[in-house]
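# Architecture at a glance
What follows is the residue order along each chain.
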Amino acid sequence: MTQVGNRTIYEKILQKGHEESERILEDGKTRAQLIVEVALEETNKALSIERVKRDAKFEELYKTKMTEFEQAMKQESLAKKKELLKQVFDGAMDKLIHQSDSDLRRYVVQTLKKDHLSGSLALSVNREEYKRYLSLFSSQKDGKLDLLSGAIGENVSLVLKKDSAPIQGGFLVIGTEFDIDHSYDAILKNLLEQMESEVANLLFHEELA
């Protein structure tokens, strides 16, 4: 009986120990699983943070590159518009310089009539235009612009200065108390100033958008 009883007690002890071991093992597995899950969660968080940082850095880089690209395109567009405007005014200058004698005669007379001149005045032109103005506006080719004076009024007497003016084309009116700049450079500059708002809109409205 004692043997049987001892065996039974021993078996109970083993059983108890086995159950305890199983419980400890299971508890260990549970703890280990929790540790793994926590570790994975923390790792995922770290990866997510890095991913967010990486995405944000990429987004910032993308925006920077797009801004640089857009600015480059705008600068190129602006340069082309300015070049186009320069070509337009260069073309206008060339057309004024090479206008026909009849057009030049009409232009000079109409321009001087608007000045309402009186008294003795002189015109000054560039070296290339000197003989042309004499041919068109002086009957004696002696420097007195009698044909021009008669065309613009009775109270004005004009002569052509021999000293050439530093202008591309057009003429200067030289008086004792005032000078008037009717050079083609001044005409086109004044035209550009009058068109300033339109030109600014043409050149800059897209660049400022």
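Scroll up to find the structure this text is about.
One structure accompanies this document, and this report is about it. (Residues numbered from 1 in each chain as written. Predicted model: local features only at pLDDT ≥ 70, side-chain atom pairs only at ≥ 80, totals over all residues. Heavy atoms only, no water.)

Contact geometry for helix H2 (residues 101-115) and helix H3 (residues 130-137): axes closest at 11 Å, N-to-C directions at 80°. With respect to each other, H2 and H3 are oriented roughly perpendicular. Contacts from Asp-101, Leu-104, Arg-105 and Val-108 in H2 reach Arg-132, Tyr-133, Leu-136 and Phe-137 in H3. Taken together, the residues of the contact of H2 with H3 break down into 5 nonpolar, no polar and 3 charged. (Axes fitted to C-alpha atoms, helices over the stretch in contact; angles between N-to-C directions. Helix = DSSP H or I, 4+ residues; strand = E, 2+ residues; numbered from the N terminus. Parallel < 35°, antiparallel > 145°, perpendicular 65-115°, else oblique. Contact = heavy atoms within 4.5 Å. Nonpolar A, V, L, I, M, F, W, Y, C, P; charged D, E, K, R; others polar.)

What follows concerns the pairing of strand E1 (residues 119-124). Where E1 lies against strand E2 (residues 156-160), 5 bridges are found, and the strand directions are parallel. Counted as the bridge partner of Leu-123 is Leu-160 from E2. Summarising the sheet, E1 and strand E3 (residues 170-174) pair through 3 bridges and their orientation is antiparallel. By the bridge assignment, Ala-122 is partnered in E3 with Ile-174. (Pairing = 2+ DSSP bridges.)

Looking now at a nonpolar patch on the surface. A cluster of nonpolar side chains, contributed by Phe-58, Tyr-62, Met-66, Phe-69 and Met-73, occupies part of the molecular surface with about 520 Å² of accessible area. Relative to the elements of secondary structure, Phe-58 occurs in helix H1 (residues 2-97). Residue classification places Phe-58 among the exposed residues on the basis of a relative accessible area of 55%. (Patch = residues over 30% accessible without salt bridge, like charges linked within 9 Å, V, L, I, M, F, W, Y side chains within 5 Å. Areas by Shrake-Rupley, 256 points an atom, 1.4 Å probe, with all protein chains shown as cover. Salt bridge = Lys/Arg side-chain N within 4 Å of Asp/Glu carboxyl O. Buried < 20%, exposed > 50% of the residue type's maximum accessible area, 1.4 Å probe, protein only.)

Turning our eyes to something else, we now look at the pattern of salt bridges. Using the criterion set out here, one finds 3 salt bridges in the structure. Arg-132 is the partner of Asp-101 in a salt bridge, and the nearest nitrogen-oxygen pair spans 2.9 Å. Note that Asp-101 is positioned in helix H2 and Arg-132 in helix H3, a separation of 31 residues in sequence. A single network of salt bridges, built from pairs that share partners, joins Asp-101, Glu-129 and Arg-132.

Glancing now at the environment of Val-159. Take Val-159: it is sitting in strand E2. Val-159 sits 21 residues away from Ser-138 along the chain, and the two C-alpha atoms are 8.8 Å apart. Ignoring sequence-local partners within four residues, the contact set of Val-159 consists of Leu-121, Ala-122, Leu-123, Gly-143, Lys-144 and Leu-145.

Whether parallel or antiparallel, the strands of a sheet pair through hydrogen bonds between backbone atoms. Overall, mixed pairing links the 4 strands, which are arranged E2-E1-E3-E4 in an open sheet. With partners counted over all chains shown, the strands left at the sheet margins are E2 and strand E4 (179-183), one partner each. The mean inter-strand angle of the sheet, taken between neighbouring strand axes irrespective of direction, is 20°. With 5 bridges joining them, E3 and E4 adopt antiparallel strand pairing. Among the inter-strand pairings, Phe-171 is bridged to a residue of E4, identified as His-182.

A separate point is H2. The terminal C-alpha atoms of H2 lie 21 Å apart, and with 15 residues this matches the ideal 21 Å at 1.5 Å per residue to within 8%. After H2 finishes, the residue His-116 shows a positive phi value of roughly 50°. (Expected span 1.5 Å × (residues − 1).)

From the geometry alone we can't say anything about function, so treat these as descriptive.
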